[in-house]
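Descriptive analysis of the structure
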Amino acid sequence: MIISQITLYHLRMRLQTPFETSFGITHDRECILLEARAEGLAGYGECVADRDPGYSYETSGTAWHILQEFLIPQIINTDLLSAEDLQNRMAQVRGHQMAKAGLEMVYWDLRGKSENRNLQDLIGGKGDRVQVGVSVGIQENSRILVGVVEDYQEQGYGRVKLKIKPGRDISDVTAVRSAYPDLRLQVDANSAYEIESAMGLLPLDELGLLMIEQPLAEDDLWDHRQLQAEFKTAICLDESIVTVRHARQALEMGACRVVNIKAGRVGGLNQAIAIHNLCIGKGVPVWCGGMLETGVGRAANLALASLPGFVFPGDISATDRYYEEDITQERFVLNPDSTITIPDAPGLGISIDFQALKRATINKITIH
Ligand code: OSB
Ligand code: MG
């Protein structure tokens, strides 16, 4: 597979409603769409780095720089033999997992199209749909939050994740739990606590949550281990796991009992699959996290989440939960059983809405 040209599109897209987490409020999501030409085919990939370095040090600006100056020059006009080969060529760049993952996604899309196979088939996923849930941002108050959860429940979401932060935790989650005693419920703190303040979350241990996601800092595996020892509820790591090695060390030390897998965070599908395989080997359940992807990244998430170790529902919601206007022609809809159907066309299985792409583009560059 020889890629002869790559175009980067810096996108800014208005969310249906602002999304608030412990690290800030997002009104407009940024990302980078990659479009490659190879052997007469067009392939696409999404780099999920956002405008601000709140979730990760990577931003749409750093990814643009790293892709343009370092990653793309490593791989353009050379014969890419496999995803591993691509990963090896990118390995001399330290970190910048989201930039790498965007480029890797292009490779998978092209390879699928050239072999006339879809991504799910290429990676060995099973079934035609995956179980999904919805991630609910911090709201003005708990009464409004309960209303938002009710709305998602009526739409058919069978699992809800609540974003929490200090001061907006026990009372919010208790309010939702009281209104919905049987709802599959989990929380995500996005690193907002320290080991001492996180002990204040102990009342959550009585609310029957599926898991508590990333309470502590991303570089704090050890304190997550201390915290997990105090909680019955499973701790799930998101930000802390950016390599396969981190995943292994976290499991060996008991820093979590569940792993959130995001291909963007770990440098691509190749490593996402490796973490999935590692977790299966250790009997640790995983699930597919989300980064408010466009339809492009959502298609990749659906294929990934169809691997057998993904036992909890993914943060993969319907198109209408995210953007006023998405850039794919396909619209992902929620099936009545709280699942979303995996695209089955070759590669990622999506096609770009070029008019919508044009409206979302704030910068564009082509590299030969
Ligand atoms: O921590 O899982 C997270 C969105 C952006 C950045 C980080 C996270 C999230 C979400 C949204 O929770 C999940 C989705 O894409 O629906
Ligand atoms: Mg998270």
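Anything mentioned here points back to the structure above.
Attention in this report is confined to the structure presented alongside it. (Residues numbered from 1 in each chain as written. Chains lettered and ligands numbered in written order. Predicted model: local features only at pLDDT ≥ 70, side-chain atom pairs only at ≥ 80, totals over all residues. Heavy atoms only, no water.)

**Focus: the sheet that holds strand S1 (residues 3–21)**
Pairing is antiparallel across the open sheet formed by four strands, whose spatial order is S3-S2-S1-S13. The sheet is open, and its two edges are formed by strand S3 (41–47) and strand S13 (361–367), each paired on a single side. Each adjacent strand pair in this sheet contributes to an overall mean axis angle of 20°, direction not counted. Relative to strand S2 (residues 24–38), S1 is paired through 14 bridges, and the arrangement is antiparallel. Its bridge partner being in S2, Met-13 is matched across the sheet by Arg-29. Contacts between helix H3 (residues 97–115) and the sheet are confined to S1, S2 and S3, with S3 contributing the most and set at about 150° to the helix. (Pairing = 2+ DSSP bridges. Helix = DSSP H or I, 4+ residues; strand = E, 2+ residues; numbered from the N terminus. Axes fitted to C-alpha atoms, helices over the stretch in contact; angles between N-to-C directions. Contact = heavy atoms within 4.5 Å.)

**Remarks on the site of ligand 1**
Taken together, 16 residues are adjacent to ligand 1, and Ser-135, Asp-188, Asn-190, Leu-292 and Tyr-322 come closest. Ser-135 is positioned such that a nitrogen or oxygen atom in its side chain is 2.9 Å from an oxygen atom of ligand 1. Lys-262 is positioned such that a nitrogen or oxygen atom in its side chain is 3.0 Å from an oxygen atom of ligand 1. Judged by the fraction of its atoms near the pocket grid, ligand 1 is located in the largest pocket. Of the residues belonging to the shell around ligand 1, the class tally is five nonpolar, three polar and eight charged. (Near = heavy atom within 4 Å. Polar contact = N/O pair within 3.5 Å; in protein donor to acceptor, adjacent residues only side chain to side chain. 1 Å grid on protein atoms, 1.4 Å probe; cavity = no way out; pocket = protein on both sides within 12 Å on 5 of 7 lines; lining within 4 Å. Sits in = over half its atoms within 2 Å of the grid points. Nonpolar A, V, L, I, M, F, W, Y, C, P; charged D, E, K, R; others polar.)

**Remarks on the layout of surface pockets**
Within this model, the largest pocket holds a volume of roughly 510 Å³. For the largest pocket, the lining is made up of 32 residues, of which Phe-19, Phe-23, Thr-26, Asp-50 and Leu-292 are closest to its centre. Every element with two or more residues in the lining of the largest pocket is listed here: S1, S2 and strand S6 (159–163). When residues of the lining of the largest pocket are assigned to their parent elements, the largest contribution, seven residues, is made by S2. For the lining of the largest pocket, the residue count by class is eight nonpolar, nine polar and 15 charged. (Points joined across faces, edges and corners; volume = space filled by probe spheres on them.)

**A short note on the coordination of the magnesium ion (ligand 2)**
Looking at the magnesium ion (ligand 2), the protein donor atoms are Asp-188 (OD), Glu-213 (OE) and Asp-238 (OD), and they sit 2.1 to 2.3 Å from it. Mapping the donors of the magnesium ion (ligand 2) onto the primary sequence gives the spacing D-x24-E-x24-D. Of the two residues, Glu-213 is situated in strand S8 (residues 212–213) and Asp-238 in the loop between strand S9 (235–237) and helix H9 (244–253); the sequence distance between them amounts to 25 residues. Asp-238 gets classed as buried once you look at its relative accessible area, which sits at 0%. (Donors = N, O, S within 2.8 Å, 3.2 Å for Na, K, Ca; no water. Buried < 20%, exposed > 50% of the residue type's maximum accessible area, 1.4 Å probe, protein only.)

**What to know about the side chain of Ser-306**
Relative to the helices and strands, Ser-306 is located in the loop between helix H12 (295–304) and strand S12 (339–341). Apart from the residues lying within four places of it in its own chain, the contact partners of Ser-306 are Gln-120, Gly-125, Lys-126, Val-130 and Ile-342.

**Things to note about the packing of aromatic side chains**
Taken as a whole, this structure holds four aromatic pairs when the rule is applied. A ring pair is formed by Phe-23 and Tyr-55, whose centres lie 6.3 Å apart and whose planes are at 55°; its orientation type is tilted. One end of the pair, Phe-23, is in the loop between S1 and S2; the other, Tyr-55, is in the loop between S3 and helix H1 (60–75), and 32 residues separate them in sequence. Taken together, a centroid distance of 5.6 Å and an interplanar angle of 85° make the contact between Tyr-152 and Tyr-157 edge-to-face. Neither residue differs from the other here; Tyr-152 and Tyr-157 are each classed as buried. (Phe/Tyr/Trp six-rings, centres within 6.5 Å; stacked < 30°, edge-to-face > 60°.)

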